[in-house]
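# Per-entry structural report
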Amino acid sequence: MNGAARVIRGRLLLFEDEPRLAGAKAVRLIENGAVLVDDGLIAALGEAPDVARETPIGAKTDDYSGKLILPGFIDTHIHYPQTRVIASYGAQLLEWLQKYTFVEEQKLRDPAHAGVVARFFLDELFRHGTTTAMVYCTVHPESVDAFFAESERRDARMIAGKVMMDRNAPEALRDTPELGYDETKALIQRWRGKGRLDYAISPRFAPTSSDAQLEASGALAREHPEAYVQTHLSENLAEIAFVKELFPWTKTYAQVYARYGLLGPRTVLGHCIHLEESEVGLLAESGSVAAFCPTSNLFLGSGLFDMRRLQAHAPPVRVSLATDVGGGTSYSMLQTANEAYKVLQMNGQSWPAAQAFYQMTLGNARALGLDDRIGSLRVGGEADLIVLDSSATPAMAHRMEAVKGDLAEELFILMMLGDDRAIAETYVAGRPAKSAAMKAQRGADGDP
Ligand SMILES: [Zn+2]
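A brief report on the enclosed structure follows. (Residues numbered from 1 in each chain as written. Predicted model: local features only at pLDDT ≥ 70, side-chain atom pairs only at ≥ 80, totals over all residues. Heavy atoms only, no water.)

### Looking at the nonpolar core
Counting 107 residues, the largest nonpolar core has F73, Y80, F147, Y257, W351 and F357 as the members making the most contacts within it. Among the nonpolar cores identified, the runner-up in size contains 15 residues, and M134, I159, A322 and L370 belong to it. (Core = buried A, V, L, I, M, F, W, Y, C linked by side-chain atoms within 4.5 Å. Buried < 20%, exposed > 50% of the residue type's maximum accessible area, 1.4 Å probe, protein only.)

### Focus: the coordination of the zinc ion
Those donors, H77 (NE2), H79 (NE2), H232 (NE2) and D324 (OD), are the protein atoms that reach the zinc ion, and they lie 2.1 to 2.3 Å from it. In this structure, the zinc ion is coordinated by 4 donor atoms arranged in irregular fashion, with angles at the metal of 88 to 168°. Spacing between the donor residues of the zinc ion along the chain follows H-x1-H-x152-H-x91-D. Of this pair, H79 sits in strand β5 (residues 73–79) while D324 sits in the loop between β13 (318–321) and α13 (333–346), placing them 245 residues apart in sequence. For D324, a relative accessible area of 4% puts it in the buried group. (Donors = N, O, S within 2.8 Å, 3.2 Å for Na, K, Ca; no water. Tetrahedral: all angles 85-135°; square planar, octahedral: opposite > 155°, others 65-115°. Helix = DSSP H or I, 4+ residues; strand = E, 2+ residues; numbered from the N terminus.)

### Digging into the packing of helix α4 (residues 111–127) against helix α5 (residues 141–153)
Interaxial distance between α4 and α5 falls to 8 Å at its minimum, and their mutual angle equals 45°. Classified by the angle their axes make, α4 and α5 are oblique. Relative to α5, α4 is oriented so that their crossing is right-handed. Where α4 approaches α5, its residues P111, A114, G115, A118, R119, F121 and L122 are matched on the opposing element by E142, S143, A146, F147, E150 and S151. Of the residues contributing to the contact of α4 with α5, the split by class is 7 nonpolar, 3 polar and 3 charged. (Axes fitted to C-alpha atoms, helices over the stretch in contact; angles between N-to-C directions. Parallel < 35°, antiparallel > 145°, perpendicular 65-115°, else oblique. Left-handed = near helix turned anticlockwise from the far one by under 90°. Contact = heavy atoms within 4.5 Å. Nonpolar A, V, L, I, M, F, W, Y, C, P; charged D, E, K, R; others polar.)

### A few points about the sheet that holds strand β2 (residues 27–38)
Strand-to-strand pairing in sheets goes through backbone hydrogen bonds, with the strands running parallel or antiparallel. Spatially, β3-β2-β1-β4-β14-β15-β16 is the arrangement adopted by the 7 strands of the open sheet, whose pairing is mixed. Each edge of the open sheet is held by one strand with a lone partner, namely β3 (41–47) and β16 (431–432). Alignment of strand β4 (residues 60–71) against strand β14 (residues 385–388), held across 4 bridges, turns out to be antiparallel. Each bridged residue has a counterpart across the sheet, and for P71 the counterpart in β14 is L385. Packed on one face of the sheet, helix α14 (residues 353–367) meets β1 (6–15), β2, β4 and β14 and runs near 125° to β1. (Pairing = 2+ DSSP bridges.)

### Observations regarding the packing of aromatic side chains
For the structure shown, the criterion picks out 13 aromatic pairs. Taking 5.8 Å as the distance between ring centres and 55° as the angle between the ring planes, the aromatic pair formed by Y80 and F121 counts as tilted. Placement of Y80 in the loop between β5 and α3 (93–105) and of F121 in helix α4 is noted, with a sequence separation of 41 residues between them. For the pair shown, Y80 and F121 are each scored as buried. Relative to Y199, the ring of F148 lies with its centre 6.3 Å away and its plane at 45°, an arrangement referred to as tilted. With F148 in helix α5 and Y199 in strand β9 (residues 197–203), this residue pair connects regions lying 51 residues apart in the sequence. Note on F148: relative accessible area 0%, which makes it buried. We classify Y199 as buried; its relative accessible area is 0%. One aromatic cluster in this structure is built from Y80, F121, F147, F148, W191 and Y199. If you follow R167 out to its NZ or CZ, it ends over the ring of F247, 5.0 Å from the centre. Across the ring face of W191, the terminal group of K194 is positioned such that the distance to the ring centre comes to 4.9 Å. (Phe/Tyr/Trp six-rings, centres within 6.5 Å; stacked < 30°, edge-to-face > 60°. Lys NZ or Arg CZ within 6 Å of the ring centre and 35° of its normal.)

### Concerning α4
In an α-helix, one turn spans 3.6 residues; hence positions three or four apart end up facing the same way. For α4, which comprises 17 residues, the first-to-last C-alpha distance of 24 Å matches the rise-based estimate of 24 Å (1.5 Å per residue) to within 8%. The element α4 is largely enclosed, with a buried count of 12 among its 17 residues. Residues H113, A114, G115, V117, A118, F121, L122, D123, E124, L125, F126 and R127 constitute the buried set of α4. For α4, the secondary structure elements touched by its buried residues are β5, β6 (130–136), α5, β7 (157–161), β15 (423–428) and α17 (434–443). Taking the backbone nitrogen of A112 as reference, a side-chain oxygen 3.0 Å away marks D110 as the first, capping residue of α4. (Expected span 1.5 Å × (residues − 1). Polar contact = N/O pair within 3.5 Å; in protein donor to acceptor, adjacent residues only side chain to side chain.)

### Focus: the pattern of salt bridges
Evaluation of the coordinates by the stated rule reveals 33 salt bridges. When the shortest N-O distance is used, the salt bridge between K107 and E104 registers 3.0 Å. On the accessibility criterion, E104 (8% relative accessible area) is buried. In this structure, D372 and R373 form a salt bridge, with 3.9 Å as the shortest nitrogen-oxygen distance. Residue class for R373 comes out partly exposed when judged on its relative accessible area of 38%. Among the charged side chains, a salt-bridge network with shared partners connects D155, R157, R196, E382 and D384. (Salt bridge = Lys/Arg side-chain N within 4 Å of Asp/Glu carboxyl O.)

### Here's the deal with the packing of α14 against helix α16 (residues 407–417)
With their axes 8 Å apart at the nearest point, α14 and α16 run at an angle of 60° to one another. Of the possible angle classes, the one that applies to α14 and α16 is oblique. Relative to α16, the crossing made by α14 is left-handed. Between α14 and α16, the residues in contact are A353, A354, A356 and F357 and A408, L411, F412, L414 and M415, respectively. Residue composition of the contact of α14 with α16, grouped by class: 9 nonpolar, no polar and no charged.

### A short note on unusual backbone geometry
Here the amide bond leading from A314 into P315 is cis, since omega sits at -10°, within 30 degrees of zero. Structurally, the position occupied by P315 is in the loop between α12 (307–312) and β13. Positive phi is not limited to glycine here, since H271 has a value of about 90°.

### A closer look at the state of the cysteines
With the rule as written, the count across this model stands at 0 disulfides. Not part of a disulfide, C272 finds its nearest cysteine sulfur in C293, a span of 8.7 Å. (Disulfide = S-S within 2.5 Å.)

Purely spatial values, then, with no claim about function.
Okay, here's the thing in structure tokens:
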């Protein structure tokens, strides 16, 4: 014990497995529970009196009795340079990129501005209960340095990478196959494994990379098999037609990534909406992860993600849930689950709350291969936790009165009505991070 030990009391929600496959035994609730955190890790957890016996004298206690304690949410696809793009009116993907995103991303060439945006972004994640994210930076290495430096300072587990683009983007946002390769390599060496940081090789998507750049990206993935790969796939029909024009040799969009060795169990592909059957097979057999980004898919009018189709394939496609801010319209994983539920309803698919909460925590940790460290409450795991208040707003409190102790209903209320107001506290590496973020935002000069 190093003296920074802290006990967090509340109702512990434990996921032992995936509810969709394991049924009711996948979820366990300890009503009078406690978690002892020390030195960034979970040192003990269980019934509060049992944890009290293991607690060193002088440890702080944060009493959240009656509130739910869960692992922090994990967001598997988000763009930190787009904090000032979110909620930009009236365009579908390709126009939206040109009109809003590519304008804003040019500003992150300035390290001071990138630092301001990185601080704001991490504050927002913590305020909304997200403790780990897989993040796109801009083409500028300065934007990656700013994001990783701020993440390291906060001891947060984050994955990020420099976007590579060598065509179909403004001059100021383009690199070249050689430059993208060299800068990525240097960033991997500078940041990967520092603190709790990891790197994602990030060709933005096929339309903005030449064959040569995708080939260089594949070489990076081969040379750094422990790093991640992130990109976008099959979001919008005009995008798919554009890919077939740019790569006349290919039959499908996914085949472009497959050819250059960019699919695999460390690869996360945003969207995956309009997939041909052979593409579903490519994703499944390579173990690639499809990131479902419902608020973005609705906002940009992209289409409806077909979870059942991907999970029913043999072998199944691995899926995750993500906000895709700024195409997505909320930093909140609760609101993202809300919209995911509705998208699935439009396809005649149901999504029980237990499955949604599993996906936002352990499910997304498994998608990133990080379930040995985050995504569940267990001794030895990293102490990234959130406290949820199911009665955070008058509408929630009023609705909760009708529930009478039914956990499934309570979780469903949280995901349909909850947002940042339902996050009572976020702990990152065992330290309160939501209250710290709010203090920082109040104290900031208001920009951005
Ligand atoms: Zn995206």
